[in-house]
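# Remarks on the overall topology
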Amino acid sequence: MGNWNWDNIRLYVITGENYHPGRAMLDVIEQALQGGADIVQLRDKTADKDELLRKARSLKELTRHFGVPLIVNDYPDIAKLADADGVHLGQEDGGFAEARELLGPDKIVGVSTHSIGQALAAQEAGADYIGVGPVYPTGTKPGRQAVTTAYVREAAAGVRIPFFAIGGITPANAAEVLAAGAARLCAVSAIVGSDNPRRVCEAFKAQLTAAGEHG
Ligand code: TZP
Ligand code: MG
């Protein structure tokens, strides 16, 4: 878990290289951080492990500068080698106990969930946060059935650890997700696929702040 204050971690940006051809991933993420992204995940399904480690190390330098955590998707070993702040595991990845063992109690372990049963199991296992989604259909995870805001409502009512709504979330539909009880949002394409990641993050943060004040 470490010394992170989850109250201040509300906007989660995930890398997605195919959304910004020709633009350097580090530049895109730096703009997202300038716009207020509070946590970053390196998610790259095509890079080999050497390349992933290089990317993780350079992202770690950037996120350290901004004082936000860096999470590596899928690979606890890369997270450890890069001195990242944690790892994110999907349901199909398994290996939660091994990841916790390798990284220790001070690192963040996050888990994707698609149902309240999976959420409660991840919470019980000691996850630091969970993803709740995909709320809407998304080309970033094609073929995965959307869980709709119904699952966001269930998570808001039943989950104690921080959860991030994810999947097809944009500044245009964020209000609906926040109204369903989410206090945290996560996006790939809406942020890194934008011409102006900074402005999109600012728009998300304004909505998160407004929801926090009225919620
Ligand atoms: N897990 C559930 S939905 C999703 C992941 C990684 C993709 C979210 O991407 P986008 O582009 O924000 O819909
Ligand atoms: Mg995975």
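For the structure itself, consult the block above.
Report follows, based on the coordinates. Predicted model, so just to flag it, every value in this text is computed and none were measured.

The rules we used
- Residues numbered from 1 in each chain as written.
- Chains lettered and ligands numbered in written order.
- Predicted model: local features only at pLDDT ≥ 70, side-chain atom pairs only at ≥ 80, totals over all residues.
- Heavy atoms only, no water.
- Helix = DSSP H or I, 4+ residues; strand = E, 2+ residues; numbered from the N terminus.
- Rg over C-alpha atoms; globule rule 2.2 N^0.38 Å.
- Buried < 20%, exposed > 50% of the residue type's maximum accessible area, 1.4 Å probe, protein only.
- Contact = heavy atoms within 4.5 Å.
- Areas by Shrake-Rupley, 256 points an atom, 1.4 Å probe, with all protein chains shown as cover.
- Core = buried A, V, L, I, M, F, W, Y, C linked by side-chain atoms within 4.5 Å.
- Near = heavy atom within 4 Å.
- Polar contact = N/O pair within 3.5 Å; in protein donor to acceptor, adjacent residues only side chain to side chain.
- Donors = N, O, S within 2.8 Å, 3.2 Å for Na, K, Ca; no water.
- Arc of directions from axis to C-beta.
- Phe/Tyr/Trp six-rings, centres within 6.5 Å; stacked < 30°, edge-to-face > 60°.

Let us now look at the overall build of the protein chain. When you go through the protein chain residue by residue, the secondary structure sums to 9 helices and 8 strands. Against the globule reference of 17 Å for 215 residues, the protein chain gives a C-alpha radius of gyration of 16 Å, in line with a compact fold. Seen through its C-alpha atoms, the protein chain measures out along the principal axes to roughly 40 × 40 × 35 Å. Here the protein chain holds 215 residues, and the buried ones make up 52% of them. Restricting the contact set of the protein chain to residue pairs at least 6 apart, pairs at least 24 apart contribute 61%. Summing over all exposed atoms, the protein chain offers an accessible surface of approximately 9700 Å²; the carbon and sulfur share of this is 50%.

The next thing to look at is the nonpolar core. One finds Ile29, Ile130, Leu185, Ile191 and Phe204 to be the most contacted residues of the largest nonpolar core, which totals 71 residues. Every residue in contact with Ile191, bar those within four places of it in the chain, is listed here: Leu11, Tyr12, Val13, Ala32, Pro197, Val200, Cys201 and Phe204.

The immediate surroundings of ligand 1 are formed by Arg43, Pro134, Thr138, Thr140, Lys141, Ile166, Gly167, Gly168, Ala187, Val188 and Ser189. Residue Gly168 places a main-chain N or O atom 2.7 Å away from an oxygen atom belonging to ligand 1. A distance of 2.8 Å separates an oxygen atom of ligand 1 from a polar atom in the backbone of Val188. Relative to its unbound accessible surface of 370 Å², ligand 1 loses 96% to contact with the protein.

Another aspect to go through is the coordination of the magnesium ion (ligand 2). Each angle at a metal carrying four tetrahedral donors should ideally be 109.5 degrees, and each at a metal carrying six octahedral donors should ideally be 90 or 180 degrees. Those donors, Asp74 (OD) and Asp93 (OD), are the protein atoms that reach the magnesium ion (ligand 2), and they lie 1.9 to 2.2 Å from it. You can see Asp74 sitting in the loop between β3 (70-73) and α3 (76-81) and its partner Asp93 sitting in the loop between β4 (86-89) and α4 (96-103), a full 19 residues away along the chain.

Before going further, it helps to spend a moment on helix α1 (residues 25-34). Since the α-helix turns once every 3.6 residues, residues separated by three or four places project in the same direction. Buried residues of α1: Met25, Val28, Ile29, Ala32 and Leu33, and no others. Buried positions in α1, seen along its axis, are confined to an arc of 140° and lie on one side of it. Of the residues trailing α1, Gly36 is marked for its positive phi of about 115°.

Summed over the entire model, instances satisfying the criterion amount to 5 aromatic pairs. Ring geometry for Trp6 and Tyr129: centres 5.8 Å apart, planes at 45°, overall tilted. Of this pair, Trp6 sits in the segment before β1 (11-14) while Tyr129 sits in strand β6 (residues 129-132), and the two are 123 residues apart along the sequence. Here Trp6 falls in the buried class, since its relative accessible area comes to 8%. Looking at Tyr129, the relative accessible area reads 1%, which means it is buried. Both rings, one in Tyr129 and one in Phe164, keep their centres 5.5 Å apart while their planes meet at 85°; by these two values the pair is edge-to-face. With a gap of 35 residues between them, Tyr129 in strand β6 and Phe164 in strand β7 (residues 163-166) connect regions that are remote in the sequence.

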